[in-house]
Amino acid sequence: MSPVRSPLVVRGAIRVPGDKSMSHRALILAAMTNGSTRIRDILVSADVYATAGALRAMGVDMPALSADFVVHGRGLSSFHSPESALDCGNSGTTTRLLAGLVAGLEGRVARFEGDASLSRRPMGRVAVPLREMGARIEFERPDRHDSLPMRVTGGALTAITCENTQASAQVKGAVLLAALASGAGVTVREPYRSRDHTERMLTARGVHLIVTADGVTMPPAQRLAAVDVEVPADPSSATFLVALAALATAGVLRLEQVCLNPTRTGAFEVLERMGVRIDREEVRTVGGEPIGTLVVSPAALCATSIGGADIPRCIDELPILACVAACAVGETWITGAGELRVKESDRIRSVVDNLRQLGVEVHELPDGMRITGTQAALTGHVLTHGDHRIAMAFGVLAAMPDNRITIDDPGCVSVSYPTFWRDLAAAVDHTAVDRTAGDRNAGDRNAGRPSPLVIAIDGPAASGKSSTAQWVAQQLNVHHVDSGAFYRALTLVALESQVLPDQWTPDEVMALAPRITWRLTDRSVLPLVDGHVRDDAMRDTPVTRHVSRVAQMAAVRHWVNEQVRSAGSATDVVVDGRDIGTAVFPTAALKVFLVADPWERARRRLIQRLGRRPNDPEIAEETEALVARDALDAAQSAPARDAITIDTTTVTQEEQVERIVALARAARERRQGP
Ligand code: DC
């Protein structure tokens, strides 16, 4: 007899962020066009930042990414060779598409670099056809013949017929962009049709393409017309929430404005084969792409077989499909998916290892896996290997109330779906879940609870909020988030950039934001700069002197708030800052505002800094500096109306921690109900 599952009820309507494939292409095509392109609802994520940054480095006048902006393209002649290497971060699409573009720009040279994961991925698949067309592609590592760093020298290209043995939209896109940039004609053939956004977007811009069953031909000498873009919601991102709804016990979830391009809907069809009901409503065509609302309801799930022509249509969704299969009745086979081994991680190995250690029976195949579904609760710690889709796939399993799953690096979702944890929590009807939560171990972290606990501790500089928050988090056995550390990390990279502080603009500072990520340690959410802990430099005087200016930039505040919310949706947190209870988590379970006399704050700060008792003139000088900083930070430092203000001037830190912990425990009990 199968065990009775605790209820998981989904509800509401969510528009997941813009499609990643189309976002990259929208930027590149807008930059190549002579004319202005308005882009709406682009995906603002680390991968897309990488493309925008690379285009800027080649001379494109690319504004900061936002929900609605205009690119004033100046055509191909405006592209120059970048002065330094193009940093593609974690993004394979950025690398491969831009390699194609540079290959077609005669006389331009660009060096491509990426993070450790991207530097392991094969680039030979684009190098081969681009070389055949006449570009020069060199790989610099003697030990690996086709991985980054890669140097591309553009040439006068000639027409070729490119016979791809694998269906790859990135290779097809690279070859088409190379041909378009150089004015050559080209034919690309593939065994199965890969996603066809490049073809659709080129056609919408007046490029003549002949699309056949096995490929696409572009005649020579094509011109691009400027066409505005509305980026629909990403079906790959939507699949995680479709899967959540499929795994729920009740409710209905609506996913709005999802791209329903038939080369992208393979995962929805696989889930329908497994028994999920997915209704498509309000279907219409926007910018040459079908879009619509998906209405998903839970189902009794049965196993299926995924292979052959399914694979290119659901390659990015295979990790979440595997996680769904782990909860379905029967044995699911995934075959013909060897490509998964060269994604952001070896996704066959990552999925198999993680499912196995959660207690699922899985058999690894060279090109896939065999999964035996189970109705048992799953318990364990997931290693993402920094791979966003692994984090999200297992995040869905972690949201099921009986499972006890922790995830090592929830922050890596920023590559493609920065608001994932928030959307996942929003899709769950917590009132339904929390009514059943009474028997849970209140000390467990991140374990099967879709609605994490948030305690907000705000206050002015040196009010002791960070050390208090750290201590409170430790007592409650939850994670500490120091929101100021995100402002400090961004200020640090800005100080290390070429631009002088008095010339910093929000656009320039925000262009550096993708270099800041975060990861969960045992105790805290730790901001990283280029993947490294830089705590000492972040606390140093130059950063302290300039951070207020950075913290006043609206775009920066928006970005930090997103990072902090994302962390607070992934796990239980105590967050300290200035506006946590007002702007970041207005519905926090407990809000505390710490105040203290400026003289006392100055005295405490100096003891910390000097390691001795300061004298009165020293305290007077520090008090003046603190009051000046209070004034700079005043706009964002008001207490929430429902905050509990604690004056710490005359209490010890121990006493104030004790008081907040008691308030937090009471708040937690209130949430969990009788
Ligand atoms: O708390 P701290 O000194 O580390 O904060 C660094 C800066 O960031 C400071 O100027 C205040 C600002 N900040 C903010 O504006 N909002 C927050 N939530 C946290 C910090």
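Right above here is the structure, for reference.
These numbers were taken from a predicted model, which means no experiment stands behind them. (Residues numbered from 1 in each chain as written. Predicted model: local features only at pLDDT ≥ 70, side-chain atom pairs only at ≥ 80, totals over all residues. Heavy atoms only, no water.)

## Comments concerning the sheet that holds strand E6 (residues 109-113)
Read from one edge to the other, the open sheet built from four strands follows the order E5-E6-E8-E7, with strand pairing classed as mixed. Here the strands that pair on one side only, and so sit at the sheet edges, are strand E5 (86-87) and strand E7 (136-139). By the bridge criterion, four bridges tie E6 to strand E8 (residues 150-153) in an arrangement that is antiparallel. By the bridge assignment for E8, phenylalanine 112 is matched with methionine 150. (Pairing = 2+ DSSP bridges. Helix = DSSP H or I, 4+ residues; strand = E, 2+ residues; numbered from the N terminus.)

## Some words on the packing of helix H16 (residues 483-495) against helix H19 (residues 541-551)
Viewed as axis vectors pointing N to C, H16 and H19 meet at an angle of 105°, and their least axial separation amounts to 9 Å. By the angle class used here, H16 and H19 are roughly perpendicular. Mapping the contact onto sequence places Tyr487, Arg488, Leu490, Thr491, Leu492 and Leu495 in H16 and Pro542, Val543, Thr544, His546, Val547, Val550 and Ala551 in H19. In terms of residue class, the contact of H16 with H19 is made up of nine nonpolar, three polar and one charged. (Axes fitted to C-alpha atoms, helices over the stretch in contact; angles between N-to-C directions. Parallel < 35°, antiparallel > 145°, perpendicular 65-115°, else oblique. Contact = heavy atoms within 4.5 Å. Nonpolar A, V, L, I, M, F, W, Y, C, P; charged D, E, K, R; others polar.)

## What to know about the side chain of glutamate 622
Tracing the chain through its elements places glutamate 622 in helix H23 (residues 616-633). In this structure glutamate 622 touches Ala602, Arg605, Leu606 and Arg609, once residues within four positions along its chain are discounted.

## Regarding unusual backbone geometry
A negative phi angle characterises most non-glycine residues, just as the trans form characterises most peptide bonds. The omega angle of the peptide bond from leucine 148 to proline 149 is 0°, so this bond is cis rather than trans. Within the fold, proline 149 resides in the loop between E7 and E8. Of note in this structure, histidine 385 is not a glycine but carries a positive phi near 55°.

## Let's talk about the site of the ligand
In the vicinity of the ligand lie 16 residues, with Ser483, Arg488, Arg557, Asp579 and Arg629 positioned nearest. A distance of 3.3 Å is found between an oxygen atom of the ligand and a side-chain nitrogen or oxygen belonging to serine 548. If the ligand stood free it would expose 440 Å²; the protein chains cover 95% of that surface. Listed by contribution, the elements that provide at least two residues to the shell around the ligand are H16, H19 and H23. In terms of residues, the shell around the ligand owes the most to one element, H16, which gives four residues. (Near = heavy atom within 4 Å. Polar contact = N/O pair within 3.5 Å; in protein donor to acceptor, adjacent residues only side chain to side chain. Areas by Shrake-Rupley, 256 points an atom, 1.4 Å probe, with all protein chains shown as cover.)

## Things to note about the sheet that holds strand E10 (residues 186-189)
Pairing in this open sheet of four strands is mixed, and the strands run E9-E10-E12-E11 from one edge to the other. Of all the strands in the sheet, just strand E9 (160-163) and strand E11 (210-212) have a single pairing partner and so form its edges. Here the average twist between neighbouring strands, direction ignored, is 10°. When E10 meets strand E12 (residues 215-218), the two strands line up antiparallel, connected through four bridges. Its bridge partner being in E12, threonine 187 is matched across the sheet by threonine 217.

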